[in-house]
Amino acid sequence: MPVDDRHHDHDRYHDHHRGDDHHRGDDHHRGYDDEDRFEERLGEALRQAGGAYETDRRALVAAGATRGHRLLLRSRAAVVAGVASVALVGLGGTLLVPGGDDGRQSVATGAKTPVASATPKTSYTGDQLIGLLEKLLPRGEFGSAEARGTNEKLPPYAQVVYNDGKGKAAVAVGFNRVLPGSEQARQTVECPDKVLALYDSCVVTRLPDGSALKIFQGYEYPDRRADTKLWTADLVTPKGQHVSVSEWNAAAEKGAPVSRAEPPLSTPRLKTLATAGAWLGVVDAIPVDPKAPTAAPAQPSGIDGSAVASTLVSLLPKGVEVVAKSGPDSGYAYAVVDDGKGRSLVQINVQPNMSDVEHQLFGAGTETLADGTKVITRQEPGKKGGAGIVMWTADTIRTDGFRVVVSAFNSGSQVTAATRTAPALTAKQLRAIALSAKWRGLG
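Analysis parameters
Residues numbered from 1 in each chain as written. Predicted model: local features only at pLDDT ≥ 70, side-chain atom pairs only at ≥ 80, totals over all residues. Heavy atoms only, no water. Helix = DSSP H or I, 4+ residues; strand = E, 2+ residues; numbered from the N terminus. Contact = heavy atoms within 4.5 Å. Areas by Shrake-Rupley, 256 points an atom, 1.4 Å probe, with all protein chains shown as cover. Buried < 20%, exposed > 50% of the residue type's maximum accessible area, 1.4 Å probe, protein only. Pairing = 2+ DSSP bridges. Arc of directions from axis to C-beta. Core = buried A, V, L, I, M, F, W, Y, C linked by side-chain atoms within 4.5 Å. Salt bridge = Lys/Arg side-chain N within 4 Å of Asp/Glu carboxyl O. pLDDT = per-residue confidence, 0-100. Disulfide = S-S within 2.5 Å.

1. Digging into the overall build of the chain
Here's step 1: For the chain, the helix and strand inventory stands at nine helices and 17 strands.
Here's step 2: Taking all contacts inside the chain whose residues are at least 6 apart in sequence as the whole, residues at least 24 apart take part in 66%.
Here's step 3: For the chain, the accessible surface area stands at approximately 17900 Å², while carbon and sulfur atoms represent 52% of it.

2. Looking at unusual backbone geometry
Here's step 1: Of note in this structure, Asn353 is not a glycine but carries a positive phi near 60°.
Here's step 2: Within the element layout of this structure, Asn353 appears in the loop between strand S13 (343-351) and helix H8 (358-361).
Here's step 3: A relative accessible area of 53% means that Asn353 is categorised as exposed.

3. Details of the pairing of strand S6 (residues 168-177)
Here's step 1: For S6, the buried fraction is high: eight of the ten residues fall into the buried class.
Here's step 2: Pairing analysis gives seven bridges linking strand S5 (residues 157-163) to S6, with the strands arranged antiparallel. Pairing of Val160 across the sheet is with Val171, part of S6.
Here's step 3: Counting the residues in the hairpin turn of S5 and S6 gives four residues, including Gly165, whose phi is positive at 100°.
Here's step 4: In this structure, S6 lies alongside strand S10 (residues 241-248), joined through seven bridges in antiparallel fashion.

4. Focus: helix H3 (residues 126-136)
Here's step 1: Within H3, burial applies to Gly126, Leu129, Ile130, Leu133 and Leu136. Along the long axis of H3, the arc covered by the buried residues comes to 135°, so they all point the same way.

5. Focus: the nonpolar core
Here's step 1: Membership of the largest hydrophobic core comes to 33 residues, with the highest contact counts inside it found for Leu133, Phe175, Leu273 and Trp279.
Here's step 2: In terms of residue count, the dominant contributor to this core is helix H6 (residues 277-285) (five residues).
Here's step 3: In terms of nonpolar packing, the next biggest core, distinct from the first, is built from 24 residues, Val346, Ala394, Val404 and Ala424 among them.

6. Quick word on the pattern of salt bridges
Here's step 1: According to the stated counting rule, one finds ten salt bridges in the structure shown.
Here's step 2: For Glu190, the salt bridge goes to Arg186, with nearest N and O atoms at 2.5 Å.
Here's step 3: Of the charged contacts, one joins Lys254 and Glu220 as a salt bridge, the two residues approaching to 2.2 Å between their closest N and O atoms. Taken as a pair, Lys254 in the loop between S10 and helix H5 (267-274) and Glu220 in the loop between strand S8 (212-219) and strand S9 (229-236) lie far apart in primary sequence, 34 residues in all.

7. Digging into the confidence of the model for the chain
Here's step 1: Taken as a whole, the chain shows an average pLDDT of 76; of its residues, 70% reach a score of 70 or greater.
Here's step 2: The weakest mean pLDDT in the chain belongs to strand S3 (residues 112-114) at 32; the strongest belongs to S5 at 98.
Here's step 3: Scored below 50 in pLDDT, residues 1-119 shows 362 contacts in the model against residues more than four places distant or in partner chains.

8. With respect to the pairing of S13
Here's step 1: Across the nine residues that make up S13, a large majority, eight, are buried.
Here's step 2: Between strand S12 (residues 332-338) and the antiparallel strand that follows it, S13, lie four residues; Gly340 among them carries a positive phi value of about 95°.
Here's step 3: Looking at chain direction, S13 and strand S17 (residues 403-409) are connected through six bridges and run antiparallel. Looking at S17, one finds that Ile348 is bridged to Val406.

9. Describing the state of the cysteines
Where two cysteines share a covalent bond between their sulfur atoms, that bond is called a disulfide.
Here's step 1: Under the defined criterion, the tally for this structure stands at one disulfide.
Here's step 2: At a sulfur-sulfur separation of 1.9 Å, the disulfide partner of Cys191 is Cys202. The chirality of the disulfide connecting Cys191 with Cys202 is left-handed, given an S-S dihedral of about -85°. Placement of Cys191 in the loop between helix H4 (183-188) and strand S7 (201-206) and of Cys202 in strand S7 is noted, with a sequence separation of eleven residues between them. Like Cys202, Cys191 is buried.

10. Looking at the sheet that holds strand S16 (residues 390-397)
Here's step 1: The strand order S11-S12-S13-S17-S16-S15-S14 describes an open sheet built from seven strands, whose pairing is antiparallel. Each end of this open sheet is capped by a strand with a single partner; those strands are strand S11 (321-325) and strand S14 (367-368).
Here's step 2: Where S16 lies against S17, seven bridges are found, and the strand directions are antiparallel. Bridge assignment links Thr396 to a residue of S17, and that residue is Val404.

Below, the structure is given as structure tokens:
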């Protein structure tokens, strides 16, 4: 099923560019193989942490980043249930953390560390970032480490293997800027919909100065095929400074056995580390891209998700009960239904202006109706990790590029195990929903 093509999966700190420059300049790498580098792995971990979802490769390849169509099912925070979104427009001031009026508390001892200077340091090397991270962590032993300074092409970060006496754990911190008031800023500090992502806890708080802090406790793997836990803290200040801390209960995000029951930092310590004032100076030292926008763009245009959800519910066959449905989102909606045989997730995207990728979305097996509408149906295994999940899809596109694609699953979520043999809706019923004339009234 298509999913939204913003950043995010723009990595929060970096893209997935790999190259020889990772061994040059200020990109420090101590104790890890190149193919297992932090920036290559952290993106996936962070997407999972926010609940990134099943990617329809056909749609992603077809769409491209420049299209602006939202081809990803809302990941991390786009569909939010019961968690207040945080508006970051127009807020000002300096970051204040309880326990210090003129400084920050160390996560290790409670000692204050200096507030970021009004005249920020010109730059930070990777080794300096490693040193800061080790200094701010509680007393313990440190193993291999890797980092990238502020003068590299990709955003800075530091990661260390830390042992507080209860087992080795990877701890990482990354830095970037987000545009205040932007969609990216908002989504960074929203919790994912539990229908679409498995996690134990997610809490968003607003600090006295208007900064937003999200504390997330989840898992490295969406399907829980390993017991590796991933806990994160994301701080976004009114100025757009973004600090993200991640910790695992293993010495590496992937490829290392679980070494302890939980990651080493409790929620209060994770908060204290993420809000350490020294980190704001690191963000300020990142060179400003002169081409970067200086004002938040208008909210993405598209069909209102609430209208999509209500239309979807109106088109469901008789005999199914809607037990949950999505909140507002641009062009995307879902409903969890139960026909008496178990829950079944039904999700839909409504996307205008898709003609330029039609040939990539509708290949072999496509049926062309008398009015020129193209239809293709698929029955395939789920790709989000839930055991035994199957996904049945009806994908349609009108002659003017108006696309409606609807999928159903044999569970109430893609990320949980199958609870029934087949989805609650048949392929014929999915096709009828996708071809309904009601969708034209929305866009």
